[in-house]
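Working through the structure, step by step
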Amino acid sequence: MHMADALLSPAVGLALDAGAGALLTGAARQLSRRPDYQRKVPLMGVLGAFVFAAQMVNFAIPGTGSSGHLAGGLLLSILLGPEAGLLVIASVLLVQAFFFADGGLLALGCNLFNMGLWPALLGLPLYRRLAGDRPGTLRLTLACLVPAVLAAELGAFGVMVETQLSGRADLPFSRFAALMLGIHLPIGVVEGLATAAMIRFAARMGALRPAPEGAAPERLPLAPTVLALAVFLGCAGAWFASTRPDGLEWSLARAGAALPTAPGRAHEVLRAVQRFTALMPDYALPGRRDAAAPPAKLDTSLAGALGLLATAGLVAGGAALSRRGRGPGRSAR
Amino acid sequence: MSLVAARALDRLGYADSPLHRRDARAKLLVCAAFVLGVSSFPRYELAGLLPFFLVPAALAAFGRVPLRPVLGLVLAASPFAILVGLANPFLDTRVAARVAGVAVSGGLLSFASILLRFALCTSTLLLLVATTPMPRLAAGLRRLGSPAALTVQVQMLYRYLFLLVAEGERLSAARLLREPGRRLPRFATARGMLSMLLHRTWERGDRVHRCMQVRGFQGELPTLAAARFGTADALFLAAGVGFCAAARVLPLARWAGEAFLARGA
Amino acid sequence: MTDALSLERLAYRYPDGTDALREVTLRLGEGERLGLVGPNGAGKTTLISLLAGLAEPSAGEAAVAGLPLGPASLPEIRSRTGFLFNDPDDQLFMPTVLEDVAFAPLAAGAPPAEAERRALALLEELGIARLARRFPGHLSSGEKRLVTLAGALVSRPRLLVLDEPTAFLDPWARRQLLERLARLEQSLLVITHDLELVVELCSRVAVLDDGRVVADGPTASVLGDEALMAAHRLETPHILKHRHPHGG
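Now for a description of the structure that goes with this document.

Basis of the calculations
By convention here, each chain's residues receive numbers from 1 onward along its written sequence. Numbering of ligands from 1 and lettering of chains from A proceed in the order in which they are written. Only residues with pLDDT of 70 or above have their local features reported here, since the model is predicted, and side-chain atom pairs are shown and tallied only from 80 upward, although totals for entire chains, interfaces and linings are computed over all residues. Each helix corresponds to a stretch of at least 4 residues labelled H or I by DSSP, and each strand to a stretch of at least 2 residues labelled E; elements are numbered beginning at the N terminus. In this scheme the burial state of a residue depends on its C-beta neighbours within 10 Å: 20 or more other such atoms mean buried, 12 or fewer mean exposed, and anything in between means partly exposed; the C-beta positions come from the backbone. Contact criterion: two residues are in contact if their C-beta atoms, reconstructed from the backbone, are within 7 Å. Every radius of gyration here is taken over C-alpha atoms, with the globule rule written as 2.2 Å times N^0.38, N being the number of residues. Residues are grouped as follows: Ala, Val, Leu, Ile, Met, Phe, Trp, Tyr, Cys and Pro are nonpolar; Asp, Glu, Lys and Arg are charged; every other residue, Gly included, is polar. Between N-to-C directions, angles span 0 to 180 degrees; the directions come from axes that are lines fitted to C-alpha atoms, helices contributing only their stretch in contact. Angle categories are assigned with fixed cut-offs, so that under 35 degrees is roughly parallel, over 145 is roughly antiparallel, 65 to 115 is roughly perpendicular, and the rest are oblique. Left-handed is the label given to a crossing in which the near helix is rotated counterclockwise from the far helix by less than a right angle, and right-handed is the label when the rotation is clockwise.

Observations concerning the overall build of chain C
If you tally the helices and strands in chain C, you get twelve helices and ten strands. Counting only C-alpha atoms, chain C reaches 55 × 45 × 35 Å along its principal axes. Looking at chain C as a whole, 49% of its 248 residues are labelled buried. Considering only contacts within chain C whose residues lie at least 6 apart along the sequence, 63% involve residues at least 24 apart.

Encoded structure:
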C-alpha cells in the first residue's frame, strides 16, 4: 500500500525523505564500485520493469475471494543484492508515483521505508540464513515466507506510524493496527510463496550466480543505514510519545507507585535529564503550551523530526569517525 | 484500467507547449513547493487549499493536457487515501463549524481536507509527467543531485516498462483464452506465467547487456550536453514557488470572496 | 589493404561440450557484401558472438576489420565494426534517439558537443533527423531499425555485421532499409533467413550448417542450386527460380 502525500505532514515526509535519500546515495556509491555493476545495469532496469509486468498477472487467493500479485521487493534483493535491489525499488516507486499516481513526491521516502528497506535490510540476510546453501523446496519456501511476512508487517507498521504522526487522518491505534497488520498477513504470505516460486525458477535458469570471488560481502552501507534507521525509530518514538502524552512521566508515575518511599529524588533527576536532553520539553513548542490542550500533532512531529535529525547527525558523525579510524579502503560492514 | 491512462500520459509528455519547453528542474521544484504548501496546512483546512487548485488548472491549460487520463489516474489511485480518511467523520464528531446553520463535525472537515489534498497532489504530479518526457525528468533529477546509479535505473526502467508490461498483458490474454470461465488464474497457473515473464526478462537483460558491451559501455550511461536553464525557466520557477508561498501564507480564498461580494454589492 | 574479415578454422565449443562451430573458414574483402545463410541451429548467432568478442573461440584464428581478434584489440575492433542485432529494442537502450546514436562516440570519450554533431549528421544522412528527440519505444519497427543502423554507422566502421536486419519489418520498411544498405560503402556481413534480401544485396553467399561452411560462392549459383538448398533445409528464393529456370 502506497503512502500518499495527502496523509503526510511535511515534517514526517521530509524526515523520511532525508533518511531515504542518504540511504540511496550510500547504496548507489557502494554499488557503482562493485566489479559486476556494469553487468547489473541492464539487468536491474529490466527487472524493475518486470515488477510492473508481474502486476499484470493477478491471481486468486484461495478461500478469500480476493486477488494478489507479486510485489517483488524480496525477489529483487535476492536476485540483485541489497544495494541494487534497493535502487531498483526506488526507481519502481518513482515511476509508480509519476505514471500511476501511486504514492507521491513527498511520500517517496515513506514508501521506500515501507516497501524497500525491510526486504533489503532484514529480508535478505534472513533469507540467506534460513535457506542455507542448497535448500529443498520446503526449506526454500519457508526461507522466503518468513522474511516476506516480516517485511510486509513492518511496512504496514510504517504506514501506521507515518499516518498517525502526521495527524491528517484520525484512525484509532488499535483498530488501525488490527486492520493494517491483518491485511498485510495474507499479502506477506502470498509474497513469500510467489517469491519462493520465482527463486526456484531462477535457480533452474542459472540466474542465481554466487557473488564474484573476493568481492566485499553484499550489505547495505553502514552509516546511511544506521542514519535511516535512526530516522525511522525517531518517528516511531515521537509517535509513541504522542499516543501517551507524558510517556516518561507516565512510566515514572508507575515506578513511583511501586516505590512509594522514594518519591522526590529520582523523579527530580530524571526530570532534569529530560529537560536537558529534550530540545523541547514535552514536545510542545514554546508559547503554545496551555494546560487544557494536548500537544498539537504538528508540534509533536516537528519536535520529533528535529530530535531525530540531531540523533541522525550524531550517528552519522560517529560512523564517519569510526570509519576514518579504521583507515581508508576499508568497506563498510 | 490505469495502464491505458498511463500510456496516454507518457505520450502526452512528448507533445509541445510552452510548459513542455520549460526545464524539468524548474517543474520538479515547483511541484515540490506545491506539495509542501498543501501538506503543511493543519488538518481541518479547506478554504486555504482552494487557491492551490489554480496550479493544476494552469498546468493543464498551458500544457494543453486533456483531463481524461489525469482524472482517471487520480480516481484509480484514490481508494487508499479515502479508506484511511474515512474513519475521521466517525471518530471526530465534535461540531467544528456551522455552515448555513448546519453543524459540521470536525471529522467531516478533516476527511474533506484529505480528499482535497489528494486531488491536488496527485493531479499536479501527473500533470508534471504529462508535460515532461520521462528521460528529461530523470536528467532533471540527476542534475538536482540524485545519485547517477538511481537515475540510470529510472531511465532503464522507463525504457523497458511498457515493453515488458505488454508481454505481461499478452500472457494474461492468452491465459484468458484458454480458461475463459475463470476471471483470475489459479496460483499454479500464475506461477507458470510469472516464470515465463522472469525468463524473458532475464534474457532481455542479457541481450541488452551484449548490445551495450559491443558499443563500448563502461558502466556509465553518458549524457549529451544538457539544456540551459534559461530566463523563462527562472521566471516559471519564481512564479510557481511564489504563488505556492503566497497561497500558503495569505488568505487568498477570503480575499477572493470579499472581492466577489464587494463587486456584487 | 587487408580483408574486412578473415576467419581461419574458427571453432567454438560450449562449456557442456556441444560444438556450435566446428570449422569456419571465411573471407570478406574490403567493400564486399557477403550473405551468410543457414538453418536454425547452424551456428550463426554463435559466430556473431565470437566476432563481437562476447565469447572466446575454442580454436582457430580470426581477424576482424584488420585486427587479430583478442582481448587487447577488442575495443578497437568494436569501434571499427558496427553490429546490428536481431531485436532493435535490445539495442536502443538510451532514452532518446539522439543519445542512442551518440552513445558509441560518447562512450569512446568524444566531447558531448562533438558526439551530438556526428549523431545529428548521421541522422540527417539517413533521412531521419526528425526522430532525434523521440523516445525509441515510441518508434515504428522500420524507424527503430534505421536508428540502430545510425547507431552502428556513427563510428564510421569498416565492417557492418547485420543479424536478421529485416525481421519485424513490413514490406515498405524492408524496401527502405534495403535501399539504404545498398548505398553503403562498408563491407557487409548479412546473417539472415531472408534469402531474397541476400539475392538483392549480396554478390556472394556462404551457407553455414552444423557449424561448418558447406558452400561459398556467387549468390545466384549457390542459392539457385536447389539440391544444395534442400540438403541444408533451405529453399531457393522465387526470384532466382524465375531468373534461372531449372537450375541454369
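Observations regarding the overall build of chain B
The number of helices and strands found in chain B is twelve helices and two strands. In chain B, the succession of helices and strands from N to C terminus is α-α-α-α-α-α-β-β-α-α-α-α-α-α. Rg of the C-alpha trace for chain B: 23 Å, well past the compact-globule value of 18 Å for 265 residues, more than 25% over. In terms of principal-axis extent, the alpha carbons of chain B reach across some 75 × 55 × 30 Å. Restricting to contacts in chain B with at least 6 residues of sequence separation, those with at least 24 account for 76%.

Topic: the interface of chain A and chain B
Interfaces are often sized by the amount of accessible area the parts lose when they come together. Listed by partner, the interface residues are 69 residues for chain A and 73 residues for chain B. Mapped onto the side of chain A that touches chain B, the elements with two or more residues apiece are helix H1 (10-32), helix H2 (37-54), strand E1 (59-60), helix H4 (82-100) and helix H7 (173-205) of chain A. A per-element tally of the side of chain A that touches chain B places H2 of chain A first, with 16 residues. For the side of chain A that touches chain B, the class distribution of residues is 50 nonpolar, 14 polar and five charged.

Observations concerning the interface of chain C and chain B
Taken together, the contacts link 29 residues of chain C with 25 residues of chain B. Mapped onto the side of chain C that touches chain B, the elements with two or more residues apiece are helix H2 (74-80), helix H3 (88-91), helix H4 (97-101), helix H5 (103-107) and helix H6 (112-125) of chain C.

What to know about the environment of Arg-200 of chain A
Residues and elements named next belong to chain A. Within the secondary structure layout, Arg-200 lies in helix H7. Arg-200 sits in the partly exposed class, given 18 other C-beta atoms within 10 Å. Between the C-alpha atoms of Arg-200 and Gly-136, which are 64 residues apart in sequence, the distance is 9.4 Å. Excluding residues within four positions of it along the chain, Arg-200 makes contact with Thr-137 and Leu-140.

Details of the packing of H7 of chain A against helix H10 (residues 187-214) of chain B
Here H7 of chain A crosses H10 of chain B at 45°, and the two axes come no closer than 10 Å. The angle between the axes of H7 of chain A and H10 of chain B places the two elements in the oblique class. Both H7 of chain A and H10 of chain B take part in a crossing whose hand is right-handed. Side by side, H7 of chain A and H10 of chain B meet where Ala-194, Ala-197, Met-198, Phe-201, Ala-202 and Met-205 of chain A of the first sit next to Arg-191, Leu-194, Ser-195, Leu-198, His-199 and Trp-202 of chain B of the second. Looking at side-chain class alone, the contact of H7 of chain A with H10 of chain B contains nine nonpolar, two polar and one charged residues.

Observations regarding the packing of H2 of chain A against H4 of chain A
Describing two packed helices takes the angle between their axes plus the distance from one axis to the other. All names here are of chain A. In the contact formed by H2 and H4, the axes pass within 9 Å of each other and the chain directions differ by 45°. Between H2 and H4, the crossing angle belongs to the class labelled oblique. Regarding H2 and H4, the two cross each other, and that crossing is right-handed. Seen from H2, the contacting residues are Lys-40, Met-44, Leu-47, Gly-48 and Val-51; seen from H4, they are Ala-84, Leu-87, Val-88, Ser-91 and Val-92. Looking at the contact of H2 with H4, its residues break down into seven nonpolar, two polar and one charged.

Honestly, that's just the spatial picture; any functional story needs more than this.
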